[in-house]
Amino acid sequence: MCTITPISLTVGANRIVPTVAIPHPLGNPSLPRDKEYKLRYALVEKALKALQTEITEQTIFE
Amino acid sequence: MIKIVHYINQFYGGIGGEEFANHKPEIREGVVGPGMGLSAQLKGKAEIVATVICGDTYFNENIEEAKTAVIAMVKKYNPDIFVAGPAFNAGRYGVACGAICQAVKNELNIPVITAMYPENPGVEMYVKDAYILETTNSAAGMRKALPALGKFITKLINNEEIGSPEEEGYIPRGIRVNYFNERRGSARAVDLLVKKLRGEEFTTEYPMPLFDNVDPHAPVEDMKNAKIAIVTSGGIVPKGNPDHIESSSASKYGKYDISGFDDLTEETHETAHGGYDPTYANQDSDRVIPVDVLRNMVKEGKIGSLHNYFYTTTGNGTSVANAKKWGAEIAKELVADGVNAVILTST
């Protein structure tokens, strides 16, 4: 899970989930706490989905 | 007279082929095999006083014993320079040449030099320990390899400065040397860019490291029972950074127990990373490693469990070699602990 996905591609990550920003990949301090938690939850759900997906090459899960 | 000891394998030593690859190390006075051609290149400035011959399989299967035995043999001749090979693309021979060069350099503190094909596994393992001259992939390149070796050895004898890999024909060792260029960096960068846009040849001043790609792993089939672990290069550590992980160019990684945490807070965790504004991660480290969400997902039955430990380092300026080594160590532990999948977060 990372924000600068071209770097993840360069270093060879296979399942890539784009995130929010470099200093807070899994959060957004401008949101109220409950909404920020929901955002993080959705991103982790996306990661779990990526982990359960069959892939044959490096894939970004938008 | 400069004295050289030369290391070769059983094949070049004239003992025999693969069936003699278990030959134990021996040393003979004077030149043997390719040493003859090499000797001619030295033009009387140096003498190959002895030649070590060792079977490739023996060396690789008994690496410590072989090194100890060869060092003892070499020491007796008190050489000024040690040469191994050329090994071309012979894998075990290349590894033996690299390993013995490293050992001789460490034990006898004399210049060591070998030669092989860039894809020989000996290069990746020992390129930092010895000058490795580039050769072709087969012994057909001997005619070129020996003069190159001779020239390089002559430079060593004359105490001449060794130039860049391109100038001298050795494989780059990953060492950067500072020097003053007459032209400023911005002008050189624009020149490179223009050449690139025109489709012309250009040589970068800062080659990127080569990264390996691995085949994607099979998907997790039973997420409801899967054990998930967290690994991060975002530098999240227990408050106070107990192991003093460096804020950049980290020399280590940390492994920390999160079994007692449902939520990371300002009081419990922070980031050690010096490459991004730490304000948000210090306020709430879940923004980098989602412990709160994963805990709730365990309760909700979406995942089986969250691994009790997370692994962490700071990813800025950290060398690829270190990262690779730590990755292998961490992966080994995770597998041993029955982890099924990893969420890796990076900042």
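Fair warning: this is a prediction, and the values are worked out from it, not measured in the lab.

**Quick look at the pairing of strand β9 (residues 254–257) of chain B**
All names here are of chain B.
Then step 1. Burial along β9 is one-sided: G254 and Y256 are buried, and none of K255 and D257, which face the opposite way, are.
Then step 2. In this structure, β9 lies alongside strand β11 (residues 305–312), joined through four bridges in antiparallel fashion. The residue of β11 that forms the bridge with Y256 is F310.

**Remarks on helix α11 (residues 320–336) of chain B**
All names here are of chain B.
Then step 1. A rise of 1.5 Å per residue sets the reference length of α11, with its 17 residues, at 24 Å; its end C-alpha atoms lie 24 Å apart and thus fit the reference within 8%.
Then step 2. Three or more residues of α11 are buried, namely W326, I330 and L334. Projection of α11 onto a plane perpendicular to its axis shows the buried side chains occupying an angular sector of 75°, all on one side. Those residues of α11 that are exposed and aimed more than 90 degrees away from the buried face are A321, K332, V335 and A336.
Then step 3. Here the buried face of α11 lies against β7 (227–232), β11 and β12 (341–345).
Then step 4. Looking one or two places after α11, you find G338, whose phi comes out positive at around 75°.

**Things to note about the sheet that holds β9(B)**
Residue and element names in this part refer to chain B.
Then step 1. With mixed pairing, four strands are arranged side by side in an open sheet as β9-β11-β7-β12. In this open sheet, the two edge strands, each paired with only one partner strand, are β9 and β12. Each strand axis lies, on average, 25° off the axis of its neighbour in the sheet, ignoring direction.
Then step 2. The strands touched by helix α10 (residues 291–299) are β7, β11 and β12; relative to β11, the strand with the most contacts, the crossing angle is about 160°.

**Some thoughts on the interface of chain A and chain B**
Then step 1. Each side of the interface is counted separately: chain A has 31 residues, and chain B has 35 residues.
Then step 2. Together, the buried faces of chain A and chain B total about 2,800 Å²; carbon and sulfur atoms form 60% of this surface.
Then step 3. The largest contributions to the chain A side of the interface with chain B come from P23(A), Y41(A) and L51(A), which together make up 19% of the buried area.
Then step 4. Counting across the interface, chain A meets chain B through five salt bridges.
Then step 5. Residue R40(A) pairs with D292(B) through a salt bridge whose shortest N-O separation is 2.7 Å.
Then step 6. Where chain A meets chain B, there are 13 residue pairs in polar contact (both at pLDDT 80 or more).
Then step 7. Secondary structure elements with two or more residues in the side of chain A that touches chain B: α1 (5–11) and α2 (33–51) of chain A.
Then step 8. Per element, the largest residue contribution to the side of chain A that touches chain B is ten residues, and it comes from α2(A).
Then step 9. In terms of residue class, the side of chain A that touches chain B is built from 15 nonpolar, nine polar and seven charged.

**Describing the environment of L42(B)**
Residue and element names in this part refer to chain B.
Then step 1. Tracing the sequence through the fold places L42 in the loop between α1 (34–41) and β3 (46–54).
Then step 2. Distance in space between the C-alpha atoms of L42 and I157 is 9.9 Å, their sequence separation being 115 residues.
Then step 3. Those residues within four positions of L42 in sequence are excluded, and the remaining contacts are I4, I48, G150 and I153.

**A short note on the nonpolar core**
Then step 1. Judged by nonpolar contacts, the single largest core of 62 residues is most densely connected at Y7(B), F82(B), I100(B), I113(B) and I153(B).
Then step 2. Look past the residues within four positions of I113(B) in its chain and what remains in contact with it is I81(B), F82(B), V83(B), A84(B), C101(B), Y131(B), L133(B), L149(B), F152(B) and I153(B).
Then step 3. Core analysis: the next-biggest nonpolar cluster, separate from the first, contains 45 residues, A47(A), I245(B), I289(B) and Y311(B) among them.

**Focus: the pattern of salt bridges**
Residues and elements named next belong to chain B.
Then step 1. One pass over the structure, following the stated rule, counts 16 salt bridges over all chains.
Then step 2. Between K155 and E168 there is a salt bridge whose closest N-O contact spans 2.9 Å. Here K155 is found in helix α6 (residues 142–157), whereas its partner E168 is found in helix α7 (residues 165–168), with 13 residues between them in sequence. Neither residue differs from the other here; K155 and E168 are each classed as buried.

**Observations regarding a nonpolar patch on the surface**
Then step 1. Among the surface-exposed residues, I4(A), I7(A), V11(A) and I22(A) lie close enough to one another that they form a single nonpolar patch of about 300 Å² accessible area.
Then step 2. Its place among the elements puts I7(A) in helix α1.

**Some thoughts on the sheet that holds β3(B)**
All names here are of chain B.
Then step 1. Taken in spatial order, the six strands make up an open sheet running β2-β3-β1-β4-β5-β6, and their pairing is mixed. Whereas interior strands pair on both sides, the edge strands pair on one side only; in this sheet they are β2 (26–29) and β6 (131–134). Put simply, the sheet's adjacent strands are angled 25° from each other on average, direction ignored.
Then step 2. Sheet topology places strand β5 (residues 112–116) next to β6; four bridges connect them, and they run parallel. Residue T114 lies in a different strand from β6, and its bridge partner there is I132.

**Here we look at the packing of α2(A) against α10(B)**
Then step 1. Direction vectors running N to C along α2(A) and α10(B) enclose 65°, while the axes themselves pass 9 Å from each other. In this view, α2(A) runs roughly perpendicular relative to α10(B), as classed from their interaxial angle. For α2(A) against α10(B), the interelement crossing comes out right-handed. On α10(B), the residues that touch Y37(A), R40(A), Y41(A), V44(A), E45(A) and L48(A) of α2(A) are D292(B), V293(B), L294(B), N296(B) and M297(B).
Then step 2. Grouping the amino acids of the contact of α2(A) with α10(B) by side-chain chemistry returns seven nonpolar, one polar and three charged.

**Description of the packing of aromatic side chains**
Residue and element names in this part refer to chain B.
Then step 1. In this structure the tally under the stated criterion is ten aromatic pairs over all chains.
Then step 2. Ring plane angle 45° and centroid distance 6.2 Å describe the contact between Y253 and Y311, whose orientation is recorded as tilted. Of this pair, Y253 sits in the loop between β8 (236–238) and β9 while Y311 is found in strand β11, placing the two residues 58 residues apart along the sequence.
Then step 3. Cluster of aromatic residues (ring-pair linked, three or more members): F11, Y12 and Y93.
Then step 4. Above the plane of the ring of Y309 lies K255, whose end atom (NZ or CZ) is 4.8 Å from the centre.

The rules we used
- Residues numbered from 1 in each chain as written.
- Chains lettered and ligands numbered in written order.
- Predicted model: local features only at pLDDT ≥ 70, side-chain atom pairs only at ≥ 80, totals over all residues.
- Heavy atoms only, no water.
- Buried < 20%, exposed > 50% of the residue type's maximum accessible area, 1.4 Å probe, protein only.
- Helix = DSSP H or I, 4+ residues; strand = E, 2+ residues; numbered from the N terminus.
- Pairing = 2+ DSSP bridges.
- Expected span 1.5 Å × (residues − 1).
- Arc of directions from axis to C-beta.
- Contact = heavy atoms within 4.5 Å.
- Axes fitted to C-alpha atoms, helices over the stretch in contact; angles between N-to-C directions.
- Buried area = accessible area lost by both parts, 1.4 Å probe.
- Salt bridge = Lys/Arg side-chain N within 4 Å of Asp/Glu carboxyl O.
- Polar contact = N/O pair within 3.5 Å; in protein donor to acceptor, adjacent residues only side chain to side chain.
- Nonpolar A, V, L, I, M, F, W, Y, C, P; charged D, E, K, R; others polar.
- Core = buried A, V, L, I, M, F, W, Y, C linked by side-chain atoms within 4.5 Å.
- Patch = residues over 30% accessible without salt bridge, like charges linked within 9 Å, V, L, I, M, F, W, Y side chains within 5 Å.
- Areas by Shrake-Rupley, 256 points an atom, 1.4 Å probe, with all protein chains shown as cover.
- Parallel < 35°, antiparallel > 145°, perpendicular 65-115°, else oblique.
- Left-handed = near helix turned anticlockwise from the far one by under 90°.
- Phe/Tyr/Trp six-rings, centres within 6.5 Å; stacked < 30°, edge-to-face > 60°.
- Lys NZ or Arg CZ within 6 Å of the ring centre and 35° of its normal.

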